[in-house]
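Coordinates in review
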Amino acid sequence: MKFTLSWLKDHLDTEASATDVVAAMTMAGLEVEHVTDPASKLAAFTVAKIVEAVQHPNADRLRVCQVDTVDGRKEIVCGAPNARPGLTTVYAPIGAYVPGLGVTLVEKPVRGVVSNGMLCSGSELEADDGSEGILELSNDLAVGTPAATALGLEAVIDFEVTPNRPDWLGVAGIARDLAAAGVGKLNDLSIAPVPGTFPCPISIKVDGEACPVFAGRLIKGVKNGPSPKWLQDRLKAIGLRPINALVDVTNLISYDRARPLHVYDVAKLVGTTIEARLGRGKAEVTPGDQPSPAEHHDEQLIALDGKTYDITPEMCVIADADGNRPIGLGGVMGGESTGCSDDTIDVFIESAWFEPIRIAQTGRATGIASDAQYRFARTVDTGSVVPGLELATKLILELCGGQPSDIVVAGEAPAPPGPILFDPAYVGQLSGLEIAPERSLKILTDLGFTIEPPKDVSATAFAVSAESVVCVTPPTFRRDVEGKADLVEEVARIAGYGELPSTALPEVPRAVGGVLTAKQARARTARRALAAAGYAEALTYSFTSRKTAELFGGGQDELVLANPIASELDCMRPSLLPNLIDAAGRNARQGFPDVALFEIGPVFFGDRPQDQKTAIAAILAPHAPRGWDKAKAEDVFTVKGALLALLEEIGAPVASLQTAQGSASPWWHPGRSARLQLGPKAVLAEFGEIHPAVLKALDVAGPVYGFEITLEAVPEPKKKAIKSRPAFSPSPLMPLTRDFAFVADKAKAAGDLVKAAAGADKALIDAVRVFDVYEGPGVPDGSKSVALEVVVQPRDKTLTEAEIEALSAKIVAAVEKAGGKLRG
Amino acid sequence: MTDLTTLEADVLAQVAAAGDLAALDAVRVAALGKTGSISGLLKTLGSMSPEERKERGAAINVLRDRVQTALNDKKAALEAAALDARLASETLDLTLPAPHRRRGSVHPTMQTMDEMIAIFAEMGFAVAEGPDIEDDFHNFTALNFPPKHPAREMHDTFFFNTKEDGERMLLRTHTSPVQVRTMVSQKPPIRIIAPGRTYRVDNDATHTPVFHQVEGLVIDKGIHMGHLKWTLETFLARFFETDVVTTQFRPHHFPFTEPSAEMDVQCDRSGGEIKIGQGTSWLEILGCGMVHPNVLRACGIDPDEYQGFAFGMGVDRLGMLKYGMPDLRDMWASDSRWLSHYGFSAFAAPNAASGLS
């Protein structure tokens with residue numbers, strides 16, 4: 001929404017500058033987006049007079065002019081044919097930036113004659129007057145007058161209107177708020193009725209659903225044509241194109257009073273009835289800028305924009321010819337067939353009220369965003385139906401002459417807003433403002449609210465403290481105000497939010513053990529632990545493509561977006577891995593293939609709250625720089641190490657975890673992946689190498705290793721009432737180690753042998769470590785040798801050689817039972 | 001005695017001549033071993049008269065001690081020389097690099113979120129969470145968005161496909177549904193923040209389809225807009241960690257608050273980057289207001305008994321402002337160089353003692 005300062009001053013008696021108005025608007029809740037001030041853009045340009053103009057010695061089409069300027073008399077070379085002695089025009093000094101040309105003037109000779117400045121055309125000042133040559137201004141203008149003043153250009157204020165304030169879509173509405181805020185005095189906005197001189201020959205029909213109320217009148221014998229300059233200037237200043245006087249009047253009132261109107265050329269109407277009804281078409285629509293389908297809708301309209309629109313039963317249609325010919329989409333756009341032209345002699349003015357939701361939907365369905373649609377969708381003042389018509393009549397009679405008929409009204413406007421019982425003390429209670437009740441009520445009155453004593457206090461909730469309670473009725477243009485909290489906002493924003501106190505929140509006891517849930521705290525620990533382990537945290541979208549989701553076990557119908565931002569982002573992710581792998585690929589394509597990334601975030605298995613889980617995933621695409629030290633390359637055991645360290649850090653029962661090899665999901669390499677689980681139904685994590693086929697589908701070069709933990713699956717340690725730990729009781733006896741080598745089938749999991757050895761004597765055996773795995777000469781084909789170091793911790797006495805021998809025998813027996821034969 | 005003097009000179013010369021520990025040991029054995037020359041002399045004492053033995057014994061002992069000392073000294077010298085030689089041979093080129101190590105990092109948005117949580121935790125706010133996939137009631141209706149109202153359109157909502165029963169799920173456009181879930185399930189007093197992912201159909205330098213919000217909610221008796229102003233002023237002053245943070249409250253409109261406000265922070269925009277705590281421009285930074293009575297009612301709270309405030313801020317955007325990241329889209333690009341440039345140390349967990357970052 002745009003307006004100019006002079007337009008505002010039609011309604012507001014004020015000396016305020018554009019800057020003052022913008023500041024006041026901002027603090028009243030009107031967010032100013034942009035102020036275009038020609039005065040500052042054209043600050044360097046001033047009025048000048050040509051004293052002498054002689055032919056350039058070296059160029060036929062150039063003239064050398066002596067010009068009286070704000071900088072004294074200057075010699076300026078000018079190519080315009082109208083550069084003549086006595087002409088008042090606009091001068092730009094050397095150094096000025098000429099907006100229409102996009103250049104800064106420099107002093108340079110033009111065909112041998114130095115030009116000390118420039119005489120400007122309208123287009124060079126971006127104030128196109130349509131004429132050729134330099135500007136021809138009134139001779140009354142003094143030399144040195146700013147060009148913006150001379151051209152009548154003024155600041156245009158562009159601001160955003162929040163959807164609750166349709167009254168701000170008219171300049172008068174802004175004036176009202178600014179007056180209440182003390183920026184000036186509001187002029188009388190009332191509209192005097194214009195009596196009709198004959199009965200209206202056109203009747204109106206409404207069905208009450210499509211259009212609750214429709215008022216109109218005919219003006220006969222008008223003389224249409226271009227509207228006067230003041231009106232054209234006003235519309236052009238805010239970016240509207242003048243059309244003809246009748247249409248321009250409706251646009252003026254739309255922007256002045258937020259009251260859209262429509263004018264019909266009566267000569268083009270069929271019949272004598274105008275009807276507002278619901279559309280008769282099918283439900284589907286085709287936006288106006290696309291070709292209609294082969295199968296046509298029952299009703300269509302060629303609108304004023306020249307496009308054809310399909311009409312659906314949800315739209316409000318204005319129709320003539322006994323209701324059979326659509327001549328407009330009510331409240332959205334009129335039809336081409338009955339539009340007013342310069343030839344219009346009799347005009348019918350429509351002033352109606354349409355349901356905001358219907359208009360909003362029609363706007364969406366048709367893609368039309370007209371000024372009328374914008375206003376009706378946000379609720380037009382229900383009290384402006386007849387006054388708007390009267391104002392249009394007055395202006396049309398002034399500009400086009402003619403004779404008005406009586407007004408005809410069909411239907412009934414929605415009831416005005418009801419009264420709100422209001423105790424001014426509530427302002428302080430809700431906002432904290434210290435403000436006198438009289439001041440609060442004065443602000444409401446200034447904003448157009450009516451204050452009355454309550455009619456029946458005993459029937460209200462305020463019965464006890466009825467003394468100060470009043471009855472506040474919002475004006476018809478403030479249907480957004482529904483309750484006492486809304487009234488507090490009105491008072492507070494006009495009194496100024498700067499007046500609000502700053503009051504410390506009352507202290508509350510802090511939660512024991514911090515404010516985070518166990519899950520939140522673990523996610524936080526995991527983040528810091530993984531970063532410390534050398535992984536960089538990435539954030540990736542919660543979406544992926546459905547195809548990719550399916551590769552990772554997702555892609556269910558209920559997780560596919562109806563309106564994705566891009567087709568490759570159309571499905572909620574079932575895993576963090578695909579996005580991380582994708583990121584690895586992107587980094588590689590940029591020349592940085594070595595990545596270790598992690599993410600902690602939501603994954604989705606359905607659309608219910610409980611179907612969303614928090615995952616912790618990391619990937620490693622190892623391309624570390626070649627080292628001189630021949631260190632072992634990173635592989636799947638690197639991520640296994642990071643995974644186990646992380647699980648330990650977040651308090652998972654690491655010692656009880658089973659490594660279930662070969663049972664991980666299909667997006668892992670089947671021979672190089674495993675689950676970490678407490679049991680088949682309690683899977684905490686999966687890790688391994690990503691399946692080469694999956695990498696190929698994601699177009700990423702392998703190998704990529706990774707893991708993914710489902711945080712909800714990691715059991716939480718029992719909460720203890722006190723923080724003390726069990727007593728520290730180290731054994732005073734030295735631990736001892738014994739080494740064993742077992743031969744086992746090649747496919748035998750080393751972990752099974754370790755588990756068997758550790759289980760041989762849980763009291764004495766502290767740890768079992770694999771220190772060598774060997775295949776080759778000395779070991780039968782298809783077998784391998786696994787060397788174990790067993791750490792024995794004597795408990796209450798040193799072990800004798802016989803006892804150690806017995807323990808060794810137990811270990812050998814246990815491992816043999818598990819499939820490992822002591823190597824001879 | 002001459003024989004002793006000669007022997008001593010001879011043995012000491014051998015000691016001096018010994019080139020390594022083995023040679024020295026041979027000298028020792030030859031002199032002091034069981035059959036050594038000096039040991040042999042000692043054995044002769046038994047056949048002497050007491051006087052003779054006394055004199056001769058003392059002389060031999062002196063000889064033995066001198067030889068022993070010489071042996072010890074030579075041994076120490078040889079060992080030192082051997083060590084020097086070994087150390088010299090063990091020299092490593094320490095200009096060679098240490099093993100490769102990746103430096104991990106915490107994403108700046110998550111660091112920012114941790115900072116916000118730390119500040120609000122200190123003010124007594126608990127942390128609440130809710131699902132990203134929401135229904136219409138929690139995201140809109142309970143928050144006083146009338147059905148089909150244009151305000152809903154302004155939220156650029158991601159929708160899922162409508163089901164057979166007419167239900168259409170959506171991605172939450174704000175974390176306000178968590179406020180609704182909290183108010184429905186918990187009795188006042190309530191003091192929570194709701195951090196999380198939020199979604200809007202939008203993509204440019206200052207909007208990404210996924211972003212993070214931290215919203216706050218305080219419901220109690222007698223909570224008014226002055227408390228809201230203090231809470232946010234205090235938060236922003238602590239968050240930006242500069243000497244002066246100037247803010248202003250400005251009226252605005254949100255369906256779920258009444259009165260509603262936006263908060264601006266004063267900043268300097270000259271030179272293409274935004275500097276908080278300087279300059280004369282204002283930058284909109286968050287939205288807030290008193291919880292609308294209709295929202296309280298929808299959540300089963302009596303607006304005549306309880307009132308309170310709510311606020312919401314973009315975590316990514318505030319992180320951008322604080323740490324000078326120019327483009328919001330980069331935050332989601334996972335470029336390892338960007339992550340390393342803007343990321344934070346694992347050990348920079350925000351706390352009151354050492355600061356936020």
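This one's a predicted model, so the numbers in the text were calculated from it and none came from an experiment. In this convention, every chain numbers its residues from 1, walking through the sequence in written order. By the order in which they are written, chains take letters starting at A while ligands take numbers starting at 1. Local features in this predicted model are restricted to residues of pLDDT 70 or higher, and side-chain atom pairs are both shown and tallied only at a pLDDT of 80 or more, whereas totals for entire chains, interfaces and linings draw on every residue.

So, about the overall build of chain A. Across its full length, chain A carries 20 helices and 42 strands. A compact globule built from 824 residues should have a C-alpha radius of gyration of about 28 Å, whereas chain A, at 42 Å, is more than 25% larger. Seen along its three principal axes, the alpha-carbon backbone of chain A occupies a region of about 125 × 90 × 65 Å. In this description, any two residues whose backbone-derived C-beta atoms lie within 7 Å of each other are considered to be in contact. Relative to all contacts within chain A whose residues are 6 or more apart in sequence, the contacts with residues 24 or more apart total 69%. By the criteria applied, helices consist of DSSP H or I runs no shorter than four residues and strands consist of E runs no shorter than two, each listed in order from the N terminus. All radius of gyration figures rest on C-alpha atoms, and the globule criterion is 2.2 Å times the number of residues raised to 0.38.

All right, on to the overall build of chain B then. The helix and strand inventory of chain B stands at 12 helices and 10 strands. Taking the intrachain contacts of chain B between residues at least 6 apart in sequence as the baseline, contacts between residues at least 24 apart amount to 65%.

A few words on the interface of chain A and chain B. Counting from both sides, the interface comprises 77 residues of chain A and, opposite them, 70 residues of chain B. Secondary structure elements with two or more residues in the side of chain A that touches chain B: α2 (18-28), α8 (356-366), α11 (425-431), α13 (484-495), α14 (518-532), β30 (536-537), α16 (577-589) and β33 (595-604) of chain A. The greatest single-element share of the side of chain A that touches chain B, amounting to seven residues, is contributed by α14(A). As a working rule, the residues Ala, Val, Leu, Ile, Met, Phe, Trp, Tyr, Cys and Pro are called nonpolar, Asp, Glu, Lys and Arg charged, and the rest polar, with Gly in that last group. Here the residues of the side of chain A that touches chain B sort into 44 nonpolar, 20 polar and 13 charged.

Okay, helix α9 (residues 225-240) of chain B next. Along an α-helix, residues three or four apart share an orientation, since each turn contains 3.6 residues. By this rule the span expected of a helix is its residue count minus one, scaled by 1.5 Å. A rise of 1.5 Å per residue sets the reference length of α9(B), with its 16 residues, at 22 Å; its end C-alpha atoms lie 23 Å apart and thus fit the reference within 8%. Downstream of α9(B) by one or two residues, B:E241 has phi in the positive range, about 55°.

Residues and elements named next belong to chain A. Only buried residues count toward a nonpolar core: Ala, Val, Leu, Ile, Met, Phe, Trp, Tyr and Cys, linked into one set through C-beta atoms within 7 Å. Think of it as a crowd count around each C-beta: if 20 or more other C-beta atoms lie within 10 Å the residue is buried, if 12 or fewer it is exposed, and in between it is partly exposed, with C-beta placed from the backbone throughout. Formed by 246 residues in total, the largest nonpolar core has its most connected members in L597, A618 and I619. When residues of this core are assigned to their parent elements, the largest contribution, eight residues, is made by helix α10 (residues 385-400). Among all residues touching I619, those that are not within four sequence positions of it are L577, L580, I581, A584, L597, V704, Y705 and G706. Formed by 30 residues, the second largest nonpolar core is a distinct cluster that contains C78, L87, A92 and L135.

Residue and element names in this part refer to chain A. Regarding helix α19 (residues 750-759), the residues found buried are L753, V754, A756 and A757. Projected down its long axis, α19 carries its buried residues within an arc of 165°, all on one side. Considering only its buried residues, α19 is in contact with β39 (736-745), β40 (765-774), β41 (783-792), α20 (801-817) and β42 (820-822). When we speak of the arc, we mean the arc of directions from the helix axis to the C-beta atoms.

A separate point is the packing of helix α5 (residues 108-122) of chain B against α9(B). Residue and element names in this part refer to chain B. Structural elements are reduced to axes, namely lines fitted to C-alpha atoms, with helices fitted over the stretch in contact, and the angle between N-to-C directions of any two is expressed from 0 to 180 degrees. Viewed as axis vectors pointing N to C, α5 and α9 meet at an angle of 135°, and their least axial separation amounts to 10 Å. With respect to each other, α5 and α9 are oriented oblique. Considering the relative orientation of α5 and α9, their crossing is right-handed. Where α5 abuts α9, its residues E115, M116 and I119 lie against F235, R238 and F239. Taken together, the residues of the contact of α5 with α9 break down into four nonpolar, no polar and two charged. Angular relationships are summarised with four words: roughly parallel below 35 degrees, roughly antiparallel beyond 145, roughly perpendicular across 65 to 115, and oblique for the angles in between. In this scheme the handedness of a crossing depends on how the near helix is turned from the far one: anticlockwise by less than a right angle means left-handed, clockwise means right-handed.

Let us now look at the sheet that holds strand β6 (residues 72-78) of chain A. All names here are of chain A. Two strands make a pair as long as DSSP finds a minimum of two bridges between them. Spatially, the five strands line up as an open sheet ordered β6-β5-β4-β7-β12, and their pairing is antiparallel. On the outer flanks of this sheet lie β6 and β12 (118-120), each paired with one strand and no other. Pairs of neighbouring strands in the sheet enclose a mean axial angle of 50°, with direction left out of account. With four bridges connecting them, strand β4 (residues 46-55) and strand β7 (residues 88-92) associate as antiparallel partners. Within the sheet, the bridge partner assigned to T46 lies in β7 and is Y91.

Pairing between the strands of a sheet comes from backbone hydrogen bonds, and it takes one of two forms, parallel or antiparallel. Residues and elements named next belong to chain A. In spatial order, the strands read β30-β33-β34-β38-β37-β36-β35; together these seven strands make up an open sheet with mixed pairing. Looking at the sheet topology across the chains shown, the edges are occupied by β30 and β35 (658-661). Across two bridges, the pairing between β30 and β33 is parallel. Within β33, the residue paired with E537 across the bridge is F598. Where α16 meets the sheet, it contacts β33, β34 (612-621), β37 (682-690) and β38 (705-710), and its direction lies at approximately 30° from that of β34.

The next subject is the confidence of the model for chain B. What pLDDT reports is the predictor's confidence in each residue, on a scale of 0 through 100. When pLDDT is averaged across chain B, the result is 91; 99% of the residues are at 70 or more. Both scores are available for the predicted complex, with the pTM at 0.86 and the ipTM at 0.88.

To continue, consider unusual backbone geometry. What you tend to see is this: most non-glycine residues have negative phi, and most peptide bonds are trans. With an omega of -5°, the peptide bond between A:G702 and A:P703 qualifies as cis. Among the secondary structure elements, A:P703 is positioned in the loop between α18 (692-697) and β38. The linkage connecting B:P188 with the following residue, B:P189, adopts the cis geometry, with an omega of 0°. Along the chain, B:P189 turns up in the loop between α8 (176-185) and β4 (190-199). Unusually for a residue other than glycine, B:S334 sits at a positive phi of about 55°.

This paragraph deals with the pairing of β35(A). Looking at chain direction, β35(A) and strand β36 (residues 668-679) of chain A are connected through four bridges and run antiparallel. Among the inter-strand pairings, A:Q661 is bridged to a residue of β36(A), identified as A:A674.

With that settled, consider the environment of A:D71. Within the secondary structure, A:D71 is located in the loop between β5 (63-69) and β6. It is 9.7 Å that separates the C-alpha atoms of A:D71 and A:V143, two residues lying 72 residues apart in sequence.

Here we come to the environment of A:T614. All names here are of chain A. Relative to the elements of secondary structure, T614 occurs in strand β34. With 19 C-beta atoms counted inside 10 Å, the residue T614 sits in the partly exposed group. Along the backbone, T614 and A523 are 91 residues apart, and their C-alpha atoms lie at a distance of 8.6 Å. Setting aside its immediate chain neighbours within four residues, T614 contacts K519, A523, I600, P602, L711 and E712.

On to the environment of A:G759. Residues and elements named next belong to chain A. Note that G759 resides in helix α19. The exposure class of G759 is partly exposed, given the 16 C-beta atoms found within 10 Å. Spatially, the C-alpha atoms of G759 and V472 are 83 Å apart, while their sequence positions differ by 287 residues.

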